[in-house]
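Structural features, examined
Each chain, written out:
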Amino acid sequence: DDAAVSPGARRLAEKLAELGWLFRKVSACAEGRAETSERASEAERDLTAAEDSAEADRDLTAASGGDDLGTEAGSTRQAFRAAARAELAEYYRLIAVLEAQAQVPMASALENRVSRLEPDASSNASSSYVSLRRLSVWLAEPARRLRLLAVLCDATRGKKGGALLRALHEHAKHGDPATRTTVCRLLEASSKPTLSMLQTWVTRGELDDPRGEFFVASDDAVPEEDAWRRGYFVEKDMLPPFVDEGLAVDALKAGKSIDFLRRRCKPGDFAKWAEHVSFVLSAARNAGGLRYGDDASMRALVSEAKRRVDGVLRTALFESYGFYDHVSAAKRYLLMGQGDFHAVLMDAVGEVLDEPASNVSAYALTGALETATRASNAQFDPPTILDKLRVATARGGVGTEETGWDVFSLRYVVQAPLDVVFTPDVHKKYARVFTFLWRLKRVEVALNAAWATMKPNVAASLERDGVAGATGAALAVELRRCHSLRGEMHHFVSNLQYYVMFEVLEGSWDAFTKELNDAEDLDALVQAHDAYLEAVTVKSLLGAKSQLLAHTLGAIFDAILRFRAFADRLYEVAKDAAMRRQLAQLRVEQREKTGEQGGW
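Keep in mind that this is a model prediction, so the values were computed, not measured. (Residues numbered from 1 in each chain as written. Predicted model: local features only at pLDDT ≥ 70, side-chain atom pairs only at ≥ 80, totals over all residues. Heavy atoms only, no water.)

**Notes on the nonpolar core**
Rule in force here: Residues enter a nonpolar core if they are buried and are Ala, Val, Leu, Ile, Met, Phe, Trp, Tyr or Cys, with the set joined through side-chain atoms within 4.5 Å. For each residue, the accessible area found with a 1.4 Å probe, counting protein chains only, is set against the maximum for its type, and the residue is called buried under 20%, exposed over 50%, and partly exposed in between. Runs of H or I in DSSP of at least four residues are treated as helices and runs of E of at least two as strands, each being numbered from the N terminus. Note: domain ranges come from an automatic or database domain assignment. Should any heavy atoms of two residues lie within 4.5 Å, those residues are considered in contact.
Counting 138 residues, the largest nonpolar core has Phe215 and Trp438 as the members making the most contacts within it. The element best represented in this core is helix H23 (residues 469–518), accounting for 13 residues. Mapped onto the domain boundaries, this core takes at least three residues apiece from domain 1 (195–321) and domain 2 (324–593). Ignoring sequence-local partners within four residues, the contact set of phenylalanine 215 consists of Leu198, Phe233, Val234, Glu235, Met238, Leu239, Pro240, Val243, Ala248 and Ala251.

**Let's talk about the packing of helix H4 (residues 75–102) against helix H9 (residues 177–190)**
Under the convention used in this document: Whenever a helix is involved, its axis is fitted only over the stretch in contact; in every case the axis is a line through C-alpha atoms, and angles between N-to-C directions fall within 0 to 180 degrees. When describing relative orientation, an angle under 35 degrees is termed roughly parallel and one over 145 degrees roughly antiparallel, while 65 to 115 degrees is termed roughly perpendicular and anything else oblique. Crossings are classed by handedness, with left-handed meaning an anticlockwise turn of the near helix from the far one by less than a right angle and right-handed meaning a clockwise turn. When residues are grouped by polarity, Ala, Val, Leu, Ile, Met, Phe, Trp, Tyr, Cys and Pro land in nonpolar, Asp, Glu, Lys and Arg in charged, and all others, Gly among them, in polar.
Running from N to C, H4 and H9 point in directions that differ by 140 degrees, and their axes come no closer than 8 Å. Comparing the axis directions of H4 and H9 gives the class oblique. Handedness of the H4/H9 crossing: right-handed. Of the residues in H9, those touching H4 at Thr76, Ala79, Phe80, Ala83, Ala84 and Glu87 are Thr182, Arg185, Leu186, Ala189 and Ser190. Residues that form the contact of H4 with H9 fall into these classes: six nonpolar, three polar and two charged.

**Some points on helix H16 (residues 323–334)**
Let me state the cut-off plainly: Each residue after the first adds 1.5 Å to the expected span of a helix.
Taking 1.5 Å of rise per residue, twelve residues should cover 16 Å, and H16 covers 16 Å from first to last C-alpha, within 8% of that figure. Of all the twelve residues making up H16, nine are buried; the element is thus mostly covered by neighbouring parts of the structure. Where H16 is concerned, the buried positions are Phe323, His326, Val327, Ser328, Ala329, Ala330, Lys331, Tyr333 and Leu334. A positive backbone phi angle near 60 degrees is found at methionine 336, which sits one or two residues after H16.

**Quick look at the packing of helix H10 (residues 192–204) against helix H15 (residues 295–320)**
Interaxial distance between H10 and H15 falls to 9 Å at its minimum, and their mutual angle equals 20 degrees. Considering their axes alone, H10 and H15 lie roughly parallel with respect to each other. Here H10 and H15 pass one another in a crossing that is left-handed. For the pair H10 and H15, the contacting residues are Leu195, Leu198, Gln199, Val202 and Thr203 in the first and Met298, Leu301, Val302 and Ala305 in the second. Grouping the amino acids of the contact of H10 with H15 by side-chain chemistry returns seven nonpolar, two polar and no charged.

**Some words on the pairing of strand S4 (residues 408–412)**
Applicable threshold: In this scheme, strands are said to pair when DSSP sees at least two bridges between them.
Here S4 lies mainly inside the structure; four of its five residues are buried. Pairing analysis gives five bridges linking strand S3 (residues 389–393) to S4, with the strands arranged antiparallel. If you follow valine 391 over to S4, its bridge partner there is leucine 410.

**What to know about unusual backbone geometry**
The peptide bond linking alanine 416 to proline 417 adopts the cis configuration, its omega dihedral lying at 5 degrees. Inspection of the secondary structure puts proline 417 in the loop between S4 and helix H21 (424–453). Even without being glycine, leucine 541 reaches a positive phi, approximately 65 degrees. Structurally, leucine 541 is set in the loop between helix H24 (522–539) and helix H25 (547–599).

**What about empty space enclosed by the protein?**
Test applied: With a 1 Å grid laid over protein atoms only, a set of points is called a cavity when a 1.4 Å probe fits there but cannot get out and a pocket when it is open yet has protein on both sides within 12 Å along at least five of seven lines; lining residues have an atom within 4 Å of a point. Grid points are joined across faces, edges and corners, and a volume is the space filled by probe spheres set on the points.
Taken as a whole and assessed by the stated rule, the structure comprises one cavity of 30 Å³ or more. Reported here for the largest cavity is a volume of approximately 90 Å³. Forming the walls of the largest cavity are Glu224, Glu225, Ala227, Trp228, Tyr232, Lys256, Asp259, Phe260, Arg263, Arg264, Asp419 and Val420. For the lining of the largest cavity, the elements supplying multiple residues, two or more each, are helix H11 (227–230) and helix H12 (245–264). Among the elements that line the lining of the largest cavity, the one with the most residues is H12, at five residues. Counted by class, the lining of the largest cavity contains five nonpolar, no polar and seven charged residues.

**Section: the environment of glutamate 188**
Position of glutamate 188 relative to the elements: it lies in helix H9. You can call glutamate 188 partly exposed: its relative accessible area is 36%. When the C-alpha positions of glutamate 188 and tyrosine 292 are compared, they lie 5.1 Å apart, and in sequence the two are 104 residues distant. Excluding residues within four positions of it along the chain, glutamate 188 makes contact with Arg291 and Tyr292.

**Examining the side chain of threonine 179**
Inspection of the secondary structure assignment puts threonine 179 in helix H9. Here threonine 179 falls in the buried class, since its relative accessible area comes to 7%. Here threonine 179 is in contact with Arg144, Leu148, His171 and His174, once residues within four sequence places are set aside.

**Concerning the pattern of salt bridges**
For clarity, the threshold we go by: The salt bridge definition used is simple: a Lys or Arg side-chain nitrogen within 4 Å of an Asp or Glu carboxyl oxygen.
Summed over all chains, the structure comprises 28 salt bridges. Among the salt bridges present, the one from aspartate 226 reaches arginine 230, with a minimum N-O distance of 2.7 Å. Overall, arginine 230 belongs to the partly exposed group, its relative accessible area being 47%. A salt bridge links lysine 429 to glutamate 534, with the nearest nitrogen and oxygen atoms 2.7 Å apart. With lysine 429 in helix H21 and glutamate 534 in helix H24, the pair connects residues that are 105 residues apart, well separated along the chain. Residue class for lysine 429 comes out partly exposed when judged on its relative accessible area of 31%.

**Observations regarding the packing of aromatic side chains**
We apply this condition: Classification of ring pairs uses Phe, Tyr and Trp, with its six-membered ring standing for Trp, and accepts pairs whose centres are within 6.5 Å; under 30 degrees between planes counts as stacked, over 60 as edge-to-face, and the remaining range as tilted. In our convention, an over-ring charge means Lys NZ or Arg CZ found within 6 Å of a ring centre and within 35 degrees of that ring's normal.
This structure, assessed with the given rule, holds 20 aromatic pairs. Between the aromatic rings of phenylalanine 434 and tryptophan 438, the centroid separation amounts to 5.6 Å while the plane-to-plane angle is 20 degrees, which identifies the pairing as stacked. Residue phenylalanine 434 and its partner tryptophan 438 are located together in helix H21, separated by four residues, close to a single helical turn. Across the pair, tryptophan 438 and phenylalanine 434 agree in class, each one buried. Grouped by ring-pair contacts, the aromatic residues Tyr324, Trp509, Phe512 and Tyr532 constitute a single cluster. One residue, lysine 256, lies across the ring of tryptophan 228, its end atom 4.3 Å from the ring centre. In this arrangement the basic side chain of lysine 331 is found over the ring face of tryptophan 509, its NZ or CZ atom lying 5.7 Å from the centre.

See below:
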């Protein structure tokens, strides 16, 4: 403040000093160190009370505004620093030129010194060619550029990956062509790591992102068999400005498919994909090369990779692993589509399932399953299908009233890679639908068995030969009521069975097969199967909104089974009464014959 300079020189000096402040700020960002020594000194004073010197150093770095934080030192941040250093190189060259110019005296001053034979004119400051006013003119453009770099350093502080690129992109929306050109130059350099990650992901299915900068992220805690559904996802906060959500999803699916081929399929299937990588890279090169500002090449890379890997994966699933055959087998065996098999199976396991649930033998059920397979058309299915059919029981607790009928079910067990479709949740849904259809089938069999007992000729004979008098008439009325009630029950069960087997199962299957034909990737296959199974569950009155109705149906099924047991006992009583009357009539006839013979 007490410098003996004119006000104009003071203003020029303050204006030029701004470049030094801007340069220190930008160079600190470019080098990844503290912005200013003053801030570092303040942070050091604030942390003198820290006991742990290592922790104090880390806190000092954070408090000083340095960029070498763990969340910022990724490849995108490093590329941005390199681009900022490249921008500063121009400033360094200018400073070198100015320093050289400062050593050159002005022509007029040189002539005066020569005429006066001055041996040393270096002490004359006014003889320098460089002046404050000339500096203010020469450094106007570098100052503008340094201000822009300082603004970009502040805008990107604490950001990484796509978030950093998005912050830069916001400043590219500028009306000044020079500003827009500088920002785009920085963006082009900073986006190279992200574009390289994208190319690696959609060609090799590898996620090399230790700092979490890429917009595709993974969850390492998810088990491998569930990695397709929950292992990878799009991190929206890391989406670069040149990647929209649709393109990000396509890239996610392409990389997931390649990773799935490598991890879950046979080596030969992944080798088939390797044959297509060169074509994918050629598509990007033909579109102009993968770089910032060229969306066409990036979209060509992603779309070509997704199209080719989806074709390879779909071919592997349908031809190498028989996806359609296994889904069809699950429909036939778990959704009661193989009618003769389930009829034989129900006859074979009837005695075993009548036992309490805790006493049911898994070996006996497995033997009954093999018997049903040999005695039905299921024997003509290939071993690759039959070997996956298993007996499952939800073991009942000791002392419960559950029987084997309440805990019995079938399972269709598949191995990788089809377990991406047949997940544990899918198996639970299949088991729930099977349990419902199995009970419905059991009720149908029970009513058919009751019909054999309640045939009209049997009822007529019992009414003719049954108990006489009021008791016999009442019994005959009850027998006719039982026969009519059985007919109503059979009508209800038949209509319900028709609705489930044809309108629900077959209708849902037709819609599912159409979606399978239209599915382009594994995600579409999985979603189609999930939607198919969900439709079957909901339309079979097993959904969350049909709990009351499902409970009512269960009560009706229990009532029908109780009715069958009651009707059997009633007809046994009627038959016993008829037999007793027939025996009594025989005795009377014998006594009458004996009396006639004695009187003669």
